[in-house]
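Structural overview for review
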Amino acid sequence: MKKKLPLIVYFSFLIIYLEIVYKALVLKNVFSLNTLLIILFSVPFILLFTIMSSLFNSKINKVISIFNSIFITFIFASQYIYFEFYDSIFSVYSIKAGTGQVFGEFFSAIFKMVVDNIWGVLLIVLPTILFIIFKNKVFDFSRKRVMFIVQLVSIVIFTVITRLVVYFNNAGMYSLNRIYYESHAPMITINKVGLLSMEVLDLKRYLFGFEEKLVIDNSHIEKPITNPEKKYNVLDIDFDTLENNEVNETIKTLHKYFKSVSPTEQNEYTGMFKGKNLIYITAEGFDSIAVDKDITPTLYKLVNNGFVFKNYYQPLFTVSTSDGEYMFMNSLIPKEGVWSFYRSSNIKMPFSLGTEFNKLGYNTVNAYHNHTYSYYNRDESHPNLGFNVYKGCGNGLELLMNCKRWPESDVEMIDATINDYINSDKFMIYYMTVSGHLNYTFTGNSMSYKNKELVKDLPYSEHVKAYIAANIELDRALEKLMNYLSEAGKLENTVIVLSPDHYPYGLKSYELNEVSKTDRSDKFEMFHTSLIIYNSAMEKNVVVDKYVSSIDVLPTVYNLFGVNYDSRLLMGTDALSKSEGLVMLSDRSWINENGKYNSMTGKFTSFNNSLPEDYVSKINSKVYGKFTTSSLLLYEKDGKYLDYYSKLGI
């Protein structure tokens, strides 16, 4: 009789195979020294699942083995599909907070994503399928006391070994020691030690809490660059006194950090729009491929006039899809592992749009969303931003428009809300649109179906045509908005600012490339899109070549409106200032006018041959500081928030 293989052989193959396949599919970086580390860190998991599958008699062990195999495979498959959606991984927190809500509403989109990535999914599930079919012929499920003891001792030994590796690997910005004990950087962690290790780390931090550590040393803290003859966007904050009087070490460190940040200079555009009305729009799934002179003429006009941004990016930070909205509205980086916008509802947000424009004496400061008003807890986060009215479907807007179709109409939202503010002397209005939401099909998207005839002759695939059709609704909403403003004599005195919340992840890169002028399969160009800052009274366009992203919009707008704010306390910078541009991706890769850095490969591609040797490390330090600081601003433990901004007396 042919001797059967022990279960440890199967779980060794399964876990190492899945880690490597996941690294290949998601990180596209298999052939590196990190892969050897991932194999080492996989050993405790191999032993654990082997022990769990060997405790009882053969019949029960088979059932447990199948369950464990399916469980492990599900983790990798679901994280793979999630990454293809959002360019990120989901956390334990996001499962608890919103999986049911998102899964229920977007099941068809998830199914489409599985179909679109079926070969990757099959690669992941194949070992488990083969195991279920051939398990009886190949593997031995009997209980062996000696092997159990050996495996139990081995799991302790290898766990100790991996802890020692973590302890002694302490050199560099993202050493193992730092990502295990000081920083929460999921994609970098996966790249170094694998998905399962990241999952355990995430679970541990969810259960017991975790506070990122802002390490202050010469690489992070430099004397701020200022010139006494220049004016800067700063407030009168005595960080030295605050630091000396503070007992909380984390808050002391934040005082020290912000004191070191160089503020942005005021410039020729400071106060250019002072006293004008502002309409600030987060456009759901908007992308440059929806901008066409003939099909979406209003979008085309707004994108190509006023301030014209050639290198604007909307990176995807996704524990929830409200992360892009959070960046655009607050100039902060979302905290990985939580719903940042919801958490911000529990702390003071002194630089928020509503708060600042109320201080400027604007009569009407309102916010609107033409989908469920409480989705992602916007009913808690948005009032905390100082809006006097926040209205969506479910708390009033459903009485004025059709909220019973999916997605709802942006045109109808403009019609339903315009009378709330059009007669005000000074207004600041925020809109979160929804018409551009996936699915991009003519059967699953009411806006795509509504505008189907307008795109039927376009030379694109059905999904792309459906996407453009959905955005025709946004275009017509903007056209109506501008007509209302013009008829009321307020168009010239109103500034329109619009940014997407994220790229249309319902489309594959090859579908985006049917229209896009840049290669959207590129890690950075995937997020290259359009920003609108438009005022009809501008006599000439201002072309901006600086590399900027959504976190830079708020400080840019504040400078244009002459808002009294502190540029050191926001993560973005005024796009019209002389400061160097910087676009940061969720995995802490970055791009600016001098080059691009891929954190997964450690490769820097220079656009400028005259850079100093330490340039990359300095920018990495800056990125580290912004990520960690943004995280600490939202830190909470046992219901108590750090609430840093409230400590500043502003």
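Look a little higher up for the structure.
This report concerns the structure included in the present document.

The rules behind the values
- Residues numbered from 1 in each chain as written.
- Predicted model: local features only at pLDDT ≥ 70, side-chain atom pairs only at ≥ 80, totals over all residues.
- Heavy atoms only, no water.
- Helix = DSSP H or I, 4+ residues; strand = E, 2+ residues; numbered from the N terminus.
- Expected span 1.5 Å × (residues − 1).
- Buried < 20%, exposed > 50% of the residue type's maximum accessible area, 1.4 Å probe, protein only.
- Disulfide = S-S within 2.5 Å.
- Phe/Tyr/Trp six-rings, centres within 6.5 Å; stacked < 30°, edge-to-face > 60°.
- Lys NZ or Arg CZ within 6 Å of the ring centre and 35° of its normal.
- Pairing = 2+ DSSP bridges.
- Contact = heavy atoms within 4.5 Å.
- Polar contact = N/O pair within 3.5 Å; in protein donor to acceptor, adjacent residues only side chain to side chain.
- Axes fitted to C-alpha atoms, helices over the stretch in contact; angles between N-to-C directions.
- Parallel < 35°, antiparallel > 145°, perpendicular 65-115°, else oblique.
- Nonpolar A, V, L, I, M, F, W, Y, C, P; charged D, E, K, R; others polar.
- Left-handed = near helix turned anticlockwise from the far one by under 90°.
- Patch = residues over 30% accessible without salt bridge, like charges linked within 9 Å, V, L, I, M, F, W, Y side chains within 5 Å.
- Areas by Shrake-Rupley, 256 points an atom, 1.4 Å probe, with all protein chains shown as cover.
- Salt bridge = Lys/Arg side-chain N within 4 Å of Asp/Glu carboxyl O.

1. Considerations on helix H23 (residues 615–633)
Its 19 residues place the ends of H23 27 Å apart at the C-alpha level, agreeing with the 27 Å of an ideal helix rising 1.5 Å per residue. In terms of burial, H23 is a largely internal element, 16 of the 19 residues being buried.

2. Re the state of the cysteines
Two cysteines whose sulfur atoms are joined by a covalent bond form what is called a disulfide. Enumeration over the complete set of coordinates arrives at 1 disulfide. Each sulfur of the disulfide joining cysteine 393 and cysteine 403 lies 2.1 Å from the other. Across the disulfide from cysteine 393 to cysteine 403, rotation about the S-S bond amounts to roughly -65°, and the bridge is consequently left-handed. On the criterion of sequence distance, the pair formed by cysteine 393 in strand S7 (residues 389–393) and cysteine 403 in the loop between S7 and helix H18 (410–417) is long-range, its members being 10 residues apart.

3. Digging into the packing of aromatic side chains
By the definition in use, this model includes 39 aromatic pairs. With centroids separated by 5.4 Å and ring planes inclined at 70°, the aromatic side chains of tyrosine 257 and phenylalanine 258 adopt a geometry described as edge-to-face. Here the aromatic rings of tyrosine 280 and phenylalanine 328 are separated by 4.2 Å at their centres, their planes lie at 15°, and the arrangement is stacked. In this pair, tyrosine 280 is assigned in strand S3 (residues 277–283) and phenylalanine 328 in helix H14 (residues 323–330), connecting sequence segments 48 residues apart. Here tyrosine 280 matches phenylalanine 328 in class, with each residue buried. One aromatic cluster is present, built from ring pairs that chain together Tyr10, Phe11, Phe49, Phe131, Phe139 and Phe141. Here the basic side chain of arginine 178 rests over the ring of tyrosine 624, its NZ or CZ set 5.2 Å away from the ring centre. Stacked on the ring of phenylalanine 442, the Lys or Arg lysine 452 has its end atom at 5.3 Å from the ring centre.

4. Thoughts on the pairing of S7
With 4 of 5 residues buried, S7 is to be regarded as a mostly interior element. Bridging between strand S6 (residues 364–372) and S7 involves 5 bridges; their strand directions are parallel. Following the sheet pairing, tyrosine 368 is matched in S7 by lysine 391.

5. Observations concerning helix H12 (residues 249–260)
In this model, H12 (12 residues) spans 17 Å end to end at C-alpha, consistent with the 16 Å of a helix rising 1.5 Å per residue. For H12, the set of buried residues is Thr250, Ile251, Lys252, Leu254, His255, Tyr257, Phe258 and Ser260. The secondary structure elements touched by the buried residues of H12 are helix H11 (239–245) and H23. For H12, the N-terminal capping position is held by asparagine 248, with its side-chain oxygen 2.9 Å away from the main-chain nitrogen of threonine 250.

6. Points about unusual backbone geometry
Between tryptophan 406 and proline 407 the backbone carries a cis peptide bond, its omega angle lying at -15°. Considering the arrangement of structural elements, one finds proline 407 in the loop between S7 and H18. For asparagine 377, which is not a glycine, the phi torsion comes out positive at approximately 60°. With respect to the helices and strands, the residue asparagine 377 is situated in the loop between S6 and helix H17 (378–381). With a phi close to 50°, aspartate 643 is a non-glycine residue in the positive phi region. Turning to its location among the elements, aspartate 643 is positioned in the segment after strand S19 (640–641).

7. Structural notes on the packing of helix H3 (residues 58–86) against helix H10 (residues 195–208)
With their axes 11 Å apart at the nearest point, H3 and H10 run at an angle of 90° to one another. Here H10 runs roughly perpendicular to H3, going by the angle between their axes. Where H3 abuts H10, its residues Ile75, Phe76 and Gln79 lie against Leu195, Leu196 and Glu199. For the contact of H3 with H10, the residue count by class is 4 nonpolar, 1 polar and 1 charged.

8. As for the packing of helix H1 (residues 7–27) against helix H9 (residues 186–193)
At a minimum axis distance of 10 Å, the contact between H1 and H9 shows a crossing angle of 135°. Looking at the two axes, H1 sits oblique to H9. Remark: the crossing between H1 and H9 carries left-handed chirality. Contacts between H1 and H9 involve Tyr22, Lys23, Val26 and Leu27 on the former and, on the latter, Met187, Ile190 and Asn191. Looking at side-chain class alone, the contact of H1 with H9 contains 5 nonpolar, 1 polar and 1 charged residues.

9. Some remarks on a nonpolar patch on the surface
On the surface, a cluster of nonpolar side chains totalling about 630 Å² of accessible area is made up of Leu5, Val9, Leu126, Ile129, Leu130, Ile133, Phe134 and Val138. Ranked by residues supplied to the nonpolar patch, first place goes to helix H6 (residues 118–138) with 6 residues. Assignment of secondary structure puts phenylalanine 134 in helix H6. For phenylalanine 134, a relative accessible area of 38% corresponds to the partly exposed category.

10. Brief notes about the pattern of salt bridges
Using the criterion set out here, one finds 19 salt bridges in the structure. For the salt bridge of arginine 343 with glutamate 636, the shortest nitrogen-to-oxygen distance reads 3.5 Å. You can see arginine 343 sitting in helix H15 (residues 340–344) and its partner glutamate 636 sitting in strand S18 (residues 636–637), a full 293 residues away along the chain. In this structure, lysine 480 engages aspartate 415 in a salt bridge whose closest nitrogen and oxygen atoms are separated by 2.8 Å. Here the residue lysine 480 occupies a position in helix H20 (residues 462–487), and aspartate 415 occupies one in helix H18, the gap between them amounting to 65 residues. Among the charged side chains, a network of salt bridges with common partners joins Asp240, Glu243 and Lys259.

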